[in-house]
Every structure is written in C-alpha cells, then in structure tokens.
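# Chains, contacts and geometry: an overview
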Amino acid sequence: MSGFRPSGVGSRRETSDLASSAGTPWVPGIPGRPPERPVPDRPPSPPPPPRPPLPTFPEVVPLPPALGGELADRLQERGIVLLTGHLDAAAAQQAAARLMLLDAEWDGEVQLHLSCPDGDLAAAGLLAETVDLLTAPTVALAAGVVGGPLLGVLAAADRRLGHRHAVLRLREPTTTATGPADRLAAEVAEHQQLVGHLYERVAAASGRSVEEIAADARAGRVLGAAEAVDYGLLDE
C-alpha cells in the first residue's frame with residue numbers, strides 16, 4: 001500500500017519541477033501559466049495642442065425684393081444693369097427691359113455687369129439679341145464667373161472688359177425633355193439650333209472658328225482674365 005497515491009494528489013515540488021522542466025514557471029492554481037508582471041507606471045501623455053478656431057464668414061442676408069429693386073433702379077440711373085446668379089427667363093426679361101429703357105433715355109454708353117456662372121440657353125439668347133438691337137454703345141463687364149450661355153451675352157457687347165480675377169467658363173449647354181417621340185425630336189432640334197447660334201456668336205467675337213469653340217465647350221475649358229484676352233473673348 002505504500003506505493004498507492006490518489007489521483008490528483010502530488011507534491012507541489014513535483015508539479016513545480018514539471019513546470020520548470022517545460023520552461024514555464026509554476027503558478028499555484030493555474031498550471032503552466034506564468035505570473036503576471038507588474039506594468040511600470042508610464043508618465044501621462046501630454047494633452048493635444050488646441051485646435052485652431054474655425055474661420056468665420058459674414059452671413060449673407062438676401063436683400064428684400066423692394067430694396068433689391070431700389071438698388072437696381074439707382075444703378076440704372078447711372079447707365080448700369082447688373083446681373084448675378086443663374087440667369088432664368090424672368091431675370092433675362094427684366095434685364096432686357098432695363099436695357100431698352102437705357103437705350104431710349106440714357107445719354108452715353110450702357111454698361112452690363114455680368115456675374116452669372118450659368119443660365120438658361122433661351123433666356124441668354126433673348127438677352128443677347130436685345131443687346132444687338134441697342135443703338136447706344138454697350139460695354140459688358142465680366143466679374144466673378146461668367147460661363148455657359150452667358151458668354152453669348154458677353155460676346156454681343158461692343159466692348160468686353162473683365163475684372164482681374166474674372167473667370168470665363170466655356171460649357172456645352174444641355175437640356176432635358178419628355179413627351180412623345182415627335183415632340184422630343186423637335187425640342188432636340190431647337191436646342192441644337194440655339195447652341196449653334198451661341199457658338200457662332202462667340203466665334204465671331206473671339207475671331208476663332210465655330211468648330212474650335214464647340215470643342216472647347218465640350219471640354220469645359222476655363223479661362224482666366226488674361227487668358228480670355230488672348231482667346232479674344234475680352235478686350236481688356
């Protein structure tokens with residue numbers, strides 16, 4: 001009976017020897033698991049630098065319609081018609097009416113200030129044809145971004161000037177249409193005719209070919225003020 005030993009009963013020395021022989025220190029209660037070593041205290045990380053304050057811009061408050069009309073009237077008294085933003089049919093009709101009034105009443109050149117990055121093709125065509133009919137000398141001044149069909153309005157003026165940081169953007173006008181096939185075909189043909197008139201007008205003003213104007217419009221060419229002078233769209 002001296003050789004009998006119950007299962008699971010052994011000396012801690014024997015267990016420790018077995019763990020040591022396996023290369024793992026013995027931990028009471030968890031055979032084969034090394035003791036946890038204390039992690040040395042690390043110095044606290046420095047706080048992140050403060051973020052720079054976000055830039056603030058003055059809030060753009062739209063002018064009331066009455067005040068906007070008053071400013072437009074005061075500009076008209078000085079022979080100036082101002083167009084900003086997207087040119088739609090209503091804005092084109094109002095600008096055309098002011099131009100015709102100036103042509104009848106103003107003694108001097110008529111100034112058309114443009115800052116319109118885009119607009120409706122038909123509306124821009126109406127305004128350009130109105131500029132054609134004026135008997136007074138006309139000066140178009142490009143400020144900001146002028147592009148798309150508005151280049152036809154710019155090209156219609158007798159003199160074309162631009163601010164130092166003005167940008168002219170050639171862009172092919174697009175359209176959308178719904179309805180029966182015959183109606184769609186008619187609208188597409190009308191749109192192509194208006195685009196052709198626009199390219200012819202810009203080509204005549206710049207001294208370049210219609211094909212070159214069309215290619216630059218499809219490519220979305222952008223011209224700075226100095227480049228627009230070299231291109232022929234601005235006189236100075």
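Each value, and the rule that gives it
- Residues numbered from 1 in each chain as written.
- Predicted model: local features only at pLDDT ≥ 70, side-chain atom pairs only at ≥ 80, totals over all residues.
- Heavy atoms only, no water.
- Helix = DSSP H or I, 4+ residues; strand = E, 2+ residues; numbered from the N terminus.
- Buried < 20%, exposed > 50% of the residue type's maximum accessible area, 1.4 Å probe, protein only.
- Contact = heavy atoms within 4.5 Å.
- Areas by Shrake-Rupley, 256 points an atom, 1.4 Å probe, with all protein chains shown as cover.
- Expected span 1.5 Å × (residues − 1).
- Phe/Tyr/Trp six-rings, centres within 6.5 Å; stacked < 30°, edge-to-face > 60°.
- Lys NZ or Arg CZ within 6 Å of the ring centre and 35° of its normal.
- Core = buried A, V, L, I, M, F, W, Y, C linked by side-chain atoms within 4.5 Å.
- Axes fitted to C-alpha atoms, helices over the stretch in contact; angles between N-to-C directions.
- Parallel < 35°, antiparallel > 145°, perpendicular 65-115°, else oblique.
- Pairing = 2+ DSSP bridges.
- Salt bridge = Lys/Arg side-chain N within 4 Å of Asp/Glu carboxyl O.
- pLDDT = per-residue confidence, 0-100.
- Arc of directions from axis to C-beta.

## Thoughts on the overall build of the protein
The helix and strand inventory of the protein stands at eight helices and seven strands. Across the 236 residues of the protein, 31% fall into the buried class. Across the protein, every contact between residues at least 6 apart in sequence was considered, and the portion connecting residues at least 24 apart equals 65%. A total of about 15700 Å² of accessible surface is found on the protein, and carbon and sulfur atoms cover 57% of it.

## Digging into helix α6 (residues 181-206)
With 26 residues, α6 should reach 38 Å at 1.5 Å per residue; the first-to-last C-alpha distance of 37 Å fits that figure. By the burial criterion, the buried members of α6 are His191, Val195, Leu198, Tyr199, Val202, Ala203, Ala205 and Ser206. Elements that come into contact with the buried residues of α6 comprise α4 (121-133), α5 (150-156), β5 (159-162), α7 (210-219) and α8 (225-231). One or two residues past the end of α6 sits Gly207, with phi positive at roughly 75°.

## Remarks on the packing of aromatic side chains
In this structure the tally under the stated criterion is zero aromatic pairs. Sitting above the plane of the Tyr231 ring, Arg208 keeps its charged end 4.1 Å from the centroid.

## Focus: the nonpolar core
Side chains that are nonpolar tend, in soluble globular proteins, to be buried together. By size, the foremost hydrophobic cluster in this structure holds 45 residues, and its most contacted members are Leu83, Leu114, Leu127, Val153 and Leu168. It is α4 that provides the largest number of residues to this core, a total of six residues. Beyond its immediate sequence surroundings of up to four residues, Val153 is in contact with Leu112, Leu114, Ala124, Leu127 and Ala128.

## Concerning the packing of helix α3 (residues 89-105) against α4
At a minimum axis distance of 9 Å, the contact between α3 and α4 shows a crossing angle of 5°. Considering the angle they form, α3 stands roughly parallel to α4. Here Ala89, Ala92, Gln93, Ala95, Ala96, Leu99, Met100 and Asp103 of α3 lie close against α4, whose contacting residues are Ala123, Leu126, Leu127, Thr130, Val131 and Leu133.

## Focus: the sheet that holds β5
A sheet is described by the order of its strands in space; here four strands give the open sequence β1-β2-β3-β5, paired in parallel fashion. With one partner strand each, in any of the chains shown, β1 (80-84) and β5 form the two edges of the open sheet. Sheet twist, expressed as the average angle between the axes of neighbouring strands with direction ignored, equals 20°. Examined bridge by bridge, β1 and strand β2 (residues 110-115) share five bridges and lie parallel to one another. Bridge assignment links Leu82 to a residue of β2, and that residue is His113.

## A short note on the pattern of salt bridges
Applying the stated criterion across every chain yields a total of eight salt bridges. For Glu212, the salt bridge is made with Arg208, and the minimal N-O distance between the two is 2.7 Å. Look at Glu212 and you get partly exposed, because its relative accessible area is 28%.

## Some points on the confidence of the model for the protein
Chain-level pLDDT for the protein is 82 on average; 75% of the residues reach the 70-or-more range. Overall, residues 1-24 carries pLDDT values under 50, and its contacts beyond four positions in sequence, including any with other chains, amount to ten contacts.

## Comments concerning α3
The end-to-end C-alpha distance of α3 is 24 Å, a good match for the 24 Å that 17 residues give at a rise of 1.5 Å each. For α3, every residue scored as buried is listed here: Ala92, Ala95, Ala96, Arg98, Leu99, Leu102 and Asp103. Down the axis of α3, the smallest arc covering the buried residues is 165°, so these residues share one side. Away from its buried face, by an angle of more than 90 degrees, α3 presents the exposed residues Ala90, Gln93, Met100, Ala104 and Glu105.

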